[in-house]
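Observations on chain architecture
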Amino acid sequence: MTIDWSWIGDHTDDLATLTVSHLQAALSAVLLGVLISLPLAVVAHRVRPLRGFLLGISNVLFTIPSIAIFVLLLPVSGLTRTTTVIGLTVYTLVVLLRNTVEGLDSVPAKTKEAAKAMGTRPLRTLLTVELPLALPVIMAGVRIATVMSISLVSVATYIGDGGLGQLFTDGFQRDFPTPVVAGVVLTILLAVVADAALVAVQYVLTPWQRRRA
Amino acid sequence: MYELFKNLGSWLTSGAQWSGSDGIAHRLAEHLQYSLLATLVAAAIGLPLGLLIGHTGKGAFLAINLASFGRALPTVGLVVLVFLAGGLSMLPVYVALVALAVPAIVTNTYAGMTAVDAGVKDAARGQGMRGHQVLFQVELPLALPLIMTGLRLALIQVVATATIAAYVSFGGLGRYVFDGLAQRDLVQVLGGAVLVAVVAVVLDVLLSTLQRFLFRHRTA
Amino acid sequence: MNRRTVLGGLFAAASVPALSSCASGITSLDSQGTTSGGGSSKGGVTIGTANFTENQVLGYLYAAVLTAAGVKTNVRPNLGTREILIPALKGGDIDLLPEYQGALLHYLAPKATETEEGEMQNALAVALPAGLQVLPYGMAEDSDAFVVTRETAKKYGLTSLADLKKQNGKLVIGAAPEVKKRQVGVIGLREVYGVEFKEFKSLDSSGPLVKGALKKGDVDVANLFTTDTDIQANDWVVLKDPENLIPGQHVVPLIADRKADSTVRKALARLGNILTTAQLTELNRQVDKDKKDPEDVANAYAKQHGLA
């Protein structure tokens with residue numbers, strides 16, 4: 001298996017386009033996942049009976065093969081980027097929901113009581129006390145969800161999307177390893193860079209953690 | 001959508017659908033074989049590695065980072081790569097599934113080991129236990145819940161991902177998903193997806209039962 | 001992830017159809033959509049292609065000639081099978097698709113009996129759903145072929161599809177998954193030639209899986225395309241089709257009415273009149289064997305033949 005370096009040199013534009021498209025799909029899914037899981041996590045955290053139900057649904061969705069989700073979405077959203085993003089979002093939920101609930105659980109009851117005693121309203125307490133304190137655990141979930149999504153985007157190549165995943169089906173059909181190797185390496189690089197960026201975001205968002213450390 | 005679920009019902013319950021080489025029974029057996037073998041191999045690699053790192057505290061940084069690299073590995077790419085390198089066999093599928101499962105097992109095993117109270121380990125050593133005795137009689141039992149979590153997580157992911165075998169001409173429940181995609185037969189796709197989910201949930205319940213059985217002496 | 005939550009979720013998923021209740025059907029129908037009369041390619045044309053090399057070459061050839069005619073194009077390669085592409089064309093995700101006369105006709109009307117090109121073109125006009133039309137077919141042709149190795153042909157005395165019946169229940173056929181349910185496939189072979197295979201193996205469209213399986217002997221009969229240079233290179237035997245199960249497969253553009261204007265028609269008709277089967281085969285070879293990009297190969301061809 002030899003790598004055709006000149007192919008890589010001739011295709012830097014294509015590789016860049018696919019990488020951007022790949023990242024865009026993964027990040028859209030994580031963003032959508034955060035937007036969906038935040039309110040659900042607050043509900044699961046406050047309303048105990050719903051907790052098992054919500055976490056359970058996300059767990060079961062996680063057991064469905066991603067390719068099947070993409071195909072089953074075809075009658076709804078067709079051969080579009082939307083299908084890819086919805087499919088990926090489903091997978092981010094399991095991690096995001098669980099971590100956000102755990103993050104909210106980890107906020108000491110005394111802290112919440114103190115906020116209440118100071119007359120802070122519940123929504124304000126949630127936004128200014130609970131969520132910031134839960135942030136480290138939530139961000140841990142966001143990091144896992146991001147890396148997972150970046151690795152999963154390529155499955156959408158079976159429905160004609162998939163960012164760097166297109167290099168896999170192309171290399172497969174033509175017995176041509178070079179694009180496949182390029183795709184695998186770029187996917188991992190993308191995951192590493194995205195993860196490092198999220199660590200930096202967390203560092204900026206949680207100054208109190210810095211001082212303690 | 002109602003129509004889809006009604007057809008799913010008849011798809012799942014028709015006798016003809018269950019028999020033969022493309023029948024559900026055979027595909028189910030194939031899927032179980034792929035998933036269990038891959039998870040066993042991954043456990044054989046991941047458990048000792050996680051225990052070793054956790055016990056000695058050496059190489060943890062490297063291992064944890066490698067594990068998160070591992071999580072980023074695109075399964076489709078890995079399958080195609082091994083296929084192009086070595087030709088058509090189940091090897092590409094197993095390599096990809098093992099690569100998927102090992103990180104979950106290593107990180108959870110390591111996490112379980114580090115969660116063991118240092119005081120407990122010191123006490124064990126103070127009683128004259130040797131390194132391997134501390135590992136197997138103290139650390140391992142205490143780390144077991146997290147280790148089991150890792151194994152269950154790995155197994156669920158492997159069961160869902162083993163569908164990829166069908167992409168490179170093999171069987172398993174993924175056959176219904178990939179054939180259903182090519183034929184745009186959504187009932188078949190849904191049938192395959194539901195069966196995969198059922199297999200994952202059933203295996204998870206079995207493992208959690210096993211886990212409880214292992215700890216029955218400690219639940220008071 | 002404890003046992004209770006996993007099971008709870010299972011029941012929840014079974015009783016709450018909310019996950020999937022929004023199947024409203026088709027997406028983003030173009031606003032100029034289904035109006036009768038002329039379409040317009042002004043807003044650009046999205047060309048979809050199926051999951052095999054030649055279809056991508058054709059898609060990029062369409063793009064090359066349309067671009068030269070001043071139409072904005074966007075090629076979406078490797079979208080899947082006809083079964084996936086035609087709903088996408090109806091739904092508006094794509095506008096134009098390189099198709100094959102006979103295969104398309106049998107997809108739309110499995111019982112169609114037409115085999116002559118002109119008749120098929122008429123039958124297609126009748127069979128196509130509202131909103132879609134075929135443009136004039138081209139010279140180039142790429143048929144389905146059922147192929148065996150030289151050794152298998154000798155061993156079982158196979159020269160035509162009719163000979164397969166003598167080996168009923170013994171032979172394994174390999175093809176893309178959709179061929180199992182297609183008229184030009186397992187169904188037609190049973191109905192027309194009385195052939196029953198021992199097993200159907202789901203592989204790919206004249207790709208590495210089906211050719212690898214034929215080489216290794218994992219399948220006895222393989223469904224390949226006649227423009228695949230590997231048939232000659234491996235000295236494989238294409239089984240004859242005395243009953244004309246496999247219809248003529250001239251390349252034909254399938255387009256949504258909303259985009260079919262005279263600019264598009266003319267550009268694609270010119271390409272169809274120039275591109276020969278031998279040339280198309282050679283372009284496929286450059287992509288598969290020389291690892292050239294289908295886009296580059298198509299552009300070079302268009303330039304060389306004064307189409308761009």
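Residues numbered from 1 in each chain as written. Chains lettered and ligands numbered in written order. Predicted model: local features only at pLDDT ≥ 70, side-chain atom pairs only at ≥ 80, totals over all residues.

**Quick look at the overall build of chain B**
Threshold: Counting from the N terminus, the helices are DSSP H or I runs at least four residues long and the strands are E runs at least two residues long. Note on burial: count the other C-beta atoms lying within 10 Å of the residue's C-beta; 20 or more is buried, 12 or fewer is exposed, in between is partly exposed, and C-beta positions come from the backbone. Residue pairs are scored as contacts if the distance between their C-beta atoms, which are placed from the backbone, is within 7 Å.
Within chain B, the regular secondary structure consists of ten helices and zero strands. Along its sequence from the N terminus, chain B presents helices and strands in the succession α-α-α-α-α-α-α-α-α-α. In terms of overall dimensions, chain B has C-alpha extents of about 65 × 45 × 30 Å along its principal axes. Across the 220 residues in chain B, those meeting the buried criterion constitute 50%. A separation threshold of at least 6 residues defines the contact pool for chain B, and within that pool the share at least 24 residues apart is 72%.

**As for the pairing of strand β3 (residues 96-100) of chain C**
All names here are of chain C. Threshold: Pairing between strands is defined by DSSP: at least two bridges between them are needed.
Taken across its five residues, β3 has five buried, putting it largely inside the fold. Burial of β3 is two-sided: the residues L96, P98 and Y100 facing one way and the residues L97 and E99 facing the other way are all buried. Pairing of β3 with strand β10 (residues 251-256) involves five bridges; the strand directions are antiparallel. Looking at the pairing, L97 lines up with L254 of β10.

**Points about the packing of helix α4 (residues 66-77) of chain A against helix α10 (residues 186-214) of chain B**
Two measures define how a pair of helices packs: the angle their axes make with one another and the distance between the axes. We count it as follows: For helices, the fitted line uses only the C-alpha atoms of the stretch in contact; every axis is such a line through C-alpha atoms, and the angle between N-to-C directions lies from 0 to 180 degrees. Whether a crossing is left-handed or right-handed is set by the direction in which the near helix is turned from the far one by less than a right angle, anticlockwise for left-handed and clockwise for right-handed.
Remark: α4 of chain A packs on α10 of chain B, axes separated minimally by 10 Å, with the N-to-C direction vectors making an angle of 145°. When you trace α4 of chain A past α10 of chain B, the crossing you get is left-handed. Side by side, α4 of chain A and α10 of chain B meet where A68, V71, L72 and P75 of chain A of the first sit next to L186, V189, L190, G192 and A193 of chain B of the second.

**Some remarks on the nonpolar core**
Put simply, the test is: To form a nonpolar core, buried Ala, Val, Leu, Ile, Met, Phe, Trp, Tyr and Cys residues must be joined through C-beta atoms within 7 Å. Boundaries between domains were set according to an automatic or database domain assignment.
Grouped together as the largest cluster of nonpolar side chains are 215 residues, with contacts concentrated most on V79 and A101 of chain B together with L61 of chain C. Split by domain, this core shows at least three residues from each of two domains, domain 1 (45-142 + 249-304) and domain 2 (144-238) of chain C. Not counting the four nearest positions on each side in its chain, L61 of chain C is found in contact with L271, A298, Y301 and A302 of chain C.

**What to know about the environment of V192 of chain A**
Residue and element names in this part refer to chain A. Considering the arrangement of structural elements, one finds V192 in helix α9 (residues 177-205). V192 sits in the partly exposed class, given 16 other C-beta atoms within 10 Å. A sequence separation of 42 residues divides V192 from I150, and the C-alpha atoms of the two residues are 10.0 Å apart.

**Looking at the domain arrangement of chain C**
Residues and elements named next belong to chain C. Rules: Ten residue types, Ala, Val, Leu, Ile, Met, Phe, Trp, Tyr, Cys and Pro, are classed as nonpolar, four, Asp, Glu, Lys and Arg, as charged, and the remainder, Gly among them, as polar.
Segmentation of chain C into domains returns domain 1 (45-142 + 249-304) and domain 2 (144-238). Of note, the centres of domain 1 and domain 2, computed from C-alpha atoms alone, are 25 Å apart. Counting residues at the interface gives 16 residues for domain 1, matched by twelve residues for domain 2. Looking at the side of domain 1 that touches domain 2, the elements with two or more residues in it are α4 (101-108) and α11 (277-288). Tallying contributions element by element places α11 first for the side of domain 1 that touches domain 2, with five residues. Here the residues of the side of domain 1 that touches domain 2 sort into four nonpolar, eight polar and four charged.

**Re the interface of chain B and chain A**
Opposite the 30 residues of chain B that make contact, chain A presents 33 residues. Secondary structure elements with two or more residues in the side of chain B that touches chain A: α4 (60-72), α5 (75-86), α8 (131-161), α9 (174-183) and α10 of chain B. Considering only residue class, the side of chain B that touches chain A consists of 23 nonpolar, six polar and one charged.

**Re the environment of Q101 of chain C**
Residue and element names in this part refer to chain C. With respect to the secondary-structure elements, Q101 resides in helix α4. With 25 C-beta atoms counted inside 10 Å, the residue Q101 sits in the buried group. Considering only alpha carbons, one finds Q101 and L271, 170 residues apart in sequence, at a separation of 16 Å. Dropping the residues within four chain positions of it, Q101 is found in contact with E117, M120, L124, Y137, P247, G248, Q249, H250 and V252.

**With respect to the sheet that holds strand β7 (residues 199-202) of chain C**
Where strands meet in a sheet, backbone hydrogen bonds hold them as pairs that are either parallel or antiparallel. On the basis of which strands lie adjacent, the open sheet formed by five strands has the order β7-β6-β8-β5-β9 (chain C) and mixed pairing. Each edge of the open sheet is held by one strand with a lone partner, namely β7 and β9 (237-238) of chain C.

**Points about the confidence of the model for chain B**
To keep things clear, this is the line we draw: pLDDT is a residue-level measure of predictor confidence that goes from 0 to 100.
Across chain B, the average pLDDT comes to 91, with 98% of residues at 70 or higher. Across chain B, the element-wise mean pLDDT spans from 81 in α4 of chain B up to 96 in α9 of chain B.

**What to know about the pairing of β10 of chain C**
All names here are of chain C. By the criterion of burial, β10 is predominantly enclosed, with six of the six residues buried. In β10, alternate side chains face the same way, and those of V251, P253 and I255 on one face and V252, L254 and A256 on the other are all buried. The pairing of strand β4 (residues 132-134) with β10 spans three bridges and is classified as antiparallel. Its bridge partner lying in β10, Q133 is registered against I255.

**So, the packing of helix α8 (residues 165-174) of chain A against α5 of chain B**
Our working definition: Each angle is binned into one of four classes, with values under 35 degrees roughly parallel, values over 145 roughly antiparallel, values of 65 to 115 roughly perpendicular, and all other values oblique.
One can describe the packing of α8 of chain A onto α5 of chain B by two numbers: an axis separation of 9 Å at closest approach and a directional angle of 25°. With respect to α5 of chain B, the axis of α8 of chain A lies roughly parallel. Seen along the crossing, α8 of chain A lies across α5 of chain B with a hand that is left-handed. Facing α8 of chain A, whose interface residues are G165, F168, G171 and F172 of chain A, α5 of chain B presents V76, G77, V80 and L84 of chain B.

**Some points on the environment of I53 of chain B**
Residues and elements named next belong to chain B. In this fold, I53 is placed in helix α3 (residues 24-56). For the pair I53 and Y110, spaced 57 residues apart in sequence, the C-alpha separation works out to 6.6 Å. Here I53 is in contact with K58, G59, A60, A63 and Y110, once residues within four sequence places are set aside.

**Focus on helix α12 (residues 294-304) of chain C**
All names here are of chain C. What counts is decided by this rule: Here, the arc refers to the directions that run from the helix axis to the C-beta atoms.
Along α12, the residues classified as buried are P294, V297, A298, Y301 and A302. All buried residues of α12 project into a common sector of 130° when viewed along the axis, lining one side. Of the residues in α12, the exposed ones pointing more than 90 degrees away from the buried face are K303 and Q304. Where the residues of α12 are buried, they touch α2 (53-68) and α11.

**Looking at α9 of chain B**
Of all ten residues in α9 of chain B, ten are buried, a share of seventy percent or more. Turning to α9 of chain B, its buried residues are G174, R175, Y176, V177, F178, D179, G180, L181, A182 and Q183 of chain B. Looking at the buried positions of α9 of chain B, the neighbouring elements they touch are α4 of chain A, α3 and α10 of chain B together with α3 (82-91) and β7 of chain C. Of the residues flanking the end of α9 of chain B, it is R184 of chain B, one or two places downstream, whose phi is positive at about 45°.

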